[in-house]
Amino acid sequence: MASSCAVQDELARLRTGDDAALAAGFVRARRRALETALAAPTQISATVDAIEIAVTSGRPVDEVSTLPAEIGAVTLADARAEIAQDLDPAHLVAMVSGAPG
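Now for a description of the structure that goes with this document. This is a predicted model, so every value here is computed, not measured.

With respect to the overall build of the protein chain
Next, step 1: Looking only at helices and strands, the protein chain has five helices and zero strands in total.
Next, step 2: Walking the protein chain from its N terminus toward its C terminus, one meets helices and strands in the order α-α-α-α-α.
Next, step 3: Radius of gyration (C-alpha) of the protein chain: 18 Å, far over the 13 Å computed for a compact globule of 101 residues.
Next, step 4: Viewed in the frame of its principal axes, the protein chain has a C-alpha envelope of about 50 × 30 × 25 Å.
Next, step 5: Sorting the 101 residues of the protein chain into buried and exposed places 15% on the buried side.
Next, step 6: Nonlocal contacts in the protein chain, meaning residues at least 24 apart in sequence, comprise 74% of its contacts between residues at least 6 apart.

Set out below in C-alpha cells:
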C-alpha cells in the first residue's frame with residue numbers, strides 16, 4: 001500500500017509541481033529528440049523509412065524536414081499541459097503488482 005501511495009504522490013508532483021528535475025529532464029529529452037530528428041535526414045534508410053511511415057499514416061511527406069522545428073518549438077509549459085491531461089486523476093488507473101512486503 002505504501003508503494004501505491006508513493007506512486008500517486010509522484011504522479012501528483014508531476015502534474016502540479018514546479019520541479020527543477022522535470023525541467024532538466026525535459027531539456028535532455030528535447031535535445032535527444034532533436035538530435036534524432038536532425039540525424040535522420042542524413043541517413044538514407046532513415047529518410048526512406050520516415051517517408052514510408054508518413055505516407056502509410058496519412059501524415060505530410062515533408063514531415064522529415066519540418067519535425068526538428070516542431071520539436072524545437074515545444075516548451076516545458078506544453079509538456080506540463082500534456083502531463084496534466086495524461087495524468088488526470090479522473091482517468092488514472094494504477095496497478096501495483098508483486099508480493100507484499
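So that's the structure; there's more coming.
Regarding helix 3 (residues 44-57)
Note: α-helices contain 3.6 residues per turn, so residues at a spacing of three or four share the same orientation.
Next, step 1: The terminal C-alpha atoms of helix 3 lie 20 Å apart, and with 14 residues this matches the ideal 20 Å at 1.5 Å per residue to within 8%.
Next, step 2: Where helix 3 ends, the next residue or the one after it, G58, has phi of about 75°, a positive value.

Some details on a nonpolar patch on the surface
Next, step 1: Together, I51, V55 and V61 make up an exposed nonpolar region whose accessible area comes to about 230 Å².
Next, step 2: Following the sequence through the fold, I51 ends up in helix 3.
Next, step 3: Judged by relative accessible area, I51 falls into the partly exposed class, the value being 32%.

Some words on helix 5 (residues 76-86)
Next, step 1: Within helix 5 the residues assigned to the buried category are A79, R80 and I83. Taken down its axis, helix 5 places every buried residue within 100° of arc, on the same side. Along helix 5, the residues that are exposed and aim more than 90 degrees away from the buried face are A77 and Q85.
Next, step 2: Against helix 1 (2-16) and helix 2 (20-39) lie the buried residues of helix 5.

Observations regarding the environment of E63
Next, step 1: Along the chain, the position of E63 falls in helix 4 (residues 63-73).
Next, step 2: Taking the relative accessible area as the measure of exposure, E63 reaches 19% and is therefore buried.
Next, step 3: The sequence separation of E63 and D88 amounts to 25 residues, and the corresponding C-alpha distance is 30 Å.

Quick word on the packing of helix 2 against helix 4
Next, step 1: Where helix 2 meets helix 4, the axes come as close as 9 Å, and the angle between the chain directions of the two elements is 170°. When the axis of helix 2 is compared with that of helix 4, the two are roughly antiparallel. For the pair formed by helix 2 and helix 4, the contact residues are R30, A33, L34, A37 and L38 on the first element and L67, P68, I71 and G72 on the second.
Next, step 2: Tallied by class, the residues present in the contact of helix 2 with helix 4 amount to seven nonpolar, one polar and one charged.

About the cut-offs
- Residues numbered from 1 in each chain as written.
- Predicted model: local features only at pLDDT ≥ 70, side-chain atom pairs only at ≥ 80, totals over all residues.
- Heavy atoms only, no water.
- Helix = DSSP H or I, 4+ residues; strand = E, 2+ residues; numbered from the N terminus.
- Rg over C-alpha atoms; globule rule 2.2 N^0.38 Å.
- Buried < 20%, exposed > 50% of the residue type's maximum accessible area, 1.4 Å probe, protein only.
- Contact = heavy atoms within 4.5 Å.
- Expected span 1.5 Å × (residues − 1).
- Patch = residues over 30% accessible without salt bridge, like charges linked within 9 Å, V, L, I, M, F, W, Y side chains within 5 Å.
- Areas by Shrake-Rupley, 256 points an atom, 1.4 Å probe, with all protein chains shown as cover.
- Salt bridge = Lys/Arg side-chain N within 4 Å of Asp/Glu carboxyl O.
- Arc of directions from axis to C-beta.
- Axes fitted to C-alpha atoms, helices over the stretch in contact; angles between N-to-C directions.
- Parallel < 35°, antiparallel > 145°, perpendicular 65-115°, else oblique.
- Nonpolar A, V, L, I, M, F, W, Y, C, P; charged D, E, K, R; others polar.

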